[in-house]
Every structure is written in structure tokens, then in C-alpha cells.
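So the chains spell out like this:
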Amino acid sequence: SAMNDNNLAKAAASFSKVVSMEPGNAAAQAGLDEIEVLFEQGLTAALANRDPDAGRDLYSDYSLYFSSSGRWAEFGAALDQMEQEVRLAAAQEERIAILLERVEENIAMFRLDEAATVLDQAIALNPNHRGVVAAGDALIAAEAEAAAIEELWSTYTPEIGRAHV
């Protein structure tokens, strides 16, 4: 049967057809009710997994048979919100990647103040992002290296320079 094949839409269609032809068929109504629960479990899982494609596919089929359900509008709104959140997260990830590239470029050119400013922008977007943490570590290392070079140059005299030649 369609339920055994995990084809909820096909099972819903079969049970709906029987219920429409025999409104008093309790077994068919029970099967349809069970399919509704399975759809709702699938939708809930898609939302929890932040999987808009699976969610939309299930919702499309769910809408065909259970649009009068009290949860139909709730699932639709939840899917819309999740899709917006997924798009926002992707845009944020892209923005952080661009900022981290700029941090890296500024560190390589020892423009450490500019690197720190750009890193602050990335931190504002997501302070726990793995790349932000790594860029922060790289900036700290570059600042230490710059301080060591500055210290070395602060003790430099032409006589010391000639002695090393």
C-alpha cells in the first residue's frame, strides 16, 4: 500500500477517495487521520531540520488534503518564516566571508587597524563564527609580530646595523 511505501500523498489520495465515496467508512477516515498526523510529523521535522525544500514539498501535498485543518495556516506561516531565516543566514554567511577576506588582506599588508575595524563588523554579525575566531587569533598574532618588529627598530642604531652587515 501507499502507506507502506511512505508515499503520504498517494495514501492520502486513496483514503480521500474512499471517504468521498463512502463518508461513513470509519476505517478510511481513520487512515486519512493517520496520514494527516504523519504529514504533520514530517512538516515538524522539516522545520526542525531547517529544510525548506522538504518542508515545501510536504506542505504542498498536505495542502491538497488537509487545508481545512487548523494547523494548515500555522505550518504555512512557519515555513515562510523558516525560509526567510535560511535566506538571511546564507546572506549573513556570505557577508562574513567577504569581511574575513578583507581582514586577511589587511593583516597581510600589516594594516592592522583596518583589519581590526573590519573584524569588528564580522563580530557584530556573528561573534561565534569559526572564521571570526580564527581571524581574531590571526590579528592578535600579527599585532604581536608588529610589536616585536617595532621593539627591534626602537633599539636600532646605524652602528648596530653596520655590525650585522
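See the structure printed just above.
Here's a quick rundown of the structure. (Residues numbered from 1 in each chain as written. Predicted model: local features only at pLDDT ≥ 70, side-chain atom pairs only at ≥ 80, totals over all residues. Heavy atoms only, no water.)

### Side note on the overall build of the chain
Working step 1: The helix and strand tally for the chain stands at 7 helices and 0 strands.
Working step 2: Each helix and strand of the chain, placed in order from N terminus to C terminus, yields the pattern α-α-α-α-α-α-α.
Working step 3: Relative to the compact-globule value of 15 Å for 165 residues, the chain shows a C-alpha radius of gyration of 30 Å, a clear excess of over 25%.
Working step 4: Here the C-alpha coordinates of the chain stretch approximately 105 × 25 × 15 Å along the principal axes.
Working step 5: Of all 165 residues assigned to the chain, the portion counted as buried reaches 30%.
Working step 6: Expressed as a percentage of contacts within the chain between residues at least 6 apart in sequence, the contacts between residues at least 24 apart total 53%.
Working step 7: Carbon and sulfur atoms provide 56% of the accessible area of the chain, an area that totals close to 10,600 Å².
Working step 8: Where the 11 positive side-chain charges of the chain centre and where its 28 negative ones centre are 4 Å apart. (Helix = DSSP H or I, 4+ residues; strand = E, 2+ residues; numbered from the N terminus. Rg over C-alpha atoms; globule rule 2.2 N^0.38 Å. Buried < 20%, exposed > 50% of the residue type's maximum accessible area, 1.4 Å probe, protein only. Contact = heavy atoms within 4.5 Å. Areas by Shrake-Rupley, 256 points an atom, 1.4 Å probe, with all protein chains shown as cover. Lys, Arg positive; Asp, Glu negative; His and termini not counted. Charge placed at Lys NZ, Arg CZ, Asp CG, Glu CD.)

### With respect to the packing of helix H1 (residues 8–21) against helix H3 (residues 52–66)
Working step 1: Between H1 and H3, the shortest axis-to-axis distance is 10 Å and the interhelical angle comes to 5 degrees. Of the possible angle classes, the one that applies to H1 and H3 is roughly parallel. Counting all contacts with H1, which are made through Leu8, Ala9, Ala12, Ala13 and Ser16, the residues of H3 involved are Leu58, Asp61, Tyr65 and Phe66.
Working step 2: Its residues placed into classes, the contact of H1 with H3 shows 7 nonpolar, 1 polar and 1 charged. (Axes fitted to C-alpha atoms, helices over the stretch in contact; angles between N-to-C directions. Parallel < 35°, antiparallel > 145°, perpendicular 65-115°, else oblique. Nonpolar A, V, L, I, M, F, W, Y, C, P; charged D, E, K, R; others polar.)

### Side note on the nonpolar core
Working step 1: Residues Ile35, Phe39, Tyr62 and Phe66 are the most contacted members of the largest nonpolar core, which totals 16 residues.
Working step 2: Of all the secondary-structure elements, those providing two or more residues to this core are H1, helix H2 (26–48), H3 and helix H4 (72–108).
Working step 3: At 6 residues, H2 tops the list of elements feeding residues into this core.
Working step 4: For phenylalanine 39, the contacting residues outside a window of four places in its chain are Leu8, Ala9, Ala12, Leu58, Asp61, Tyr62 and Phe66.
Working step 5: Leu99, Leu112, Ala135 and Ala142 belong to the second-largest nonpolar core, a separate cluster that totals 14 residues. (Core = buried A, V, L, I, M, F, W, Y, C linked by side-chain atoms within 4.5 Å.)

### Some remarks on unusual backbone geometry
Working step 1: Positive phi outside glycine occurs at arginine 50, with the angle close to 55 degrees.
Working step 2: Tracing the chain through its elements places arginine 50 in the loop between H2 and H3.
Working step 3: Accessibility expressed as a relative area gives 39% for arginine 50, which makes it partly exposed.
Working step 4: A positive phi angle is found at phenylalanine 110, which is not glycine, with a value near 55 degrees.
Working step 5: Of note, phenylalanine 110 is situated in the loop between H4 and helix H5 (112–125).
Working step 6: Exposure remark for phenylalanine 110: the relative accessible area of 42% places this residue in the partly exposed category.

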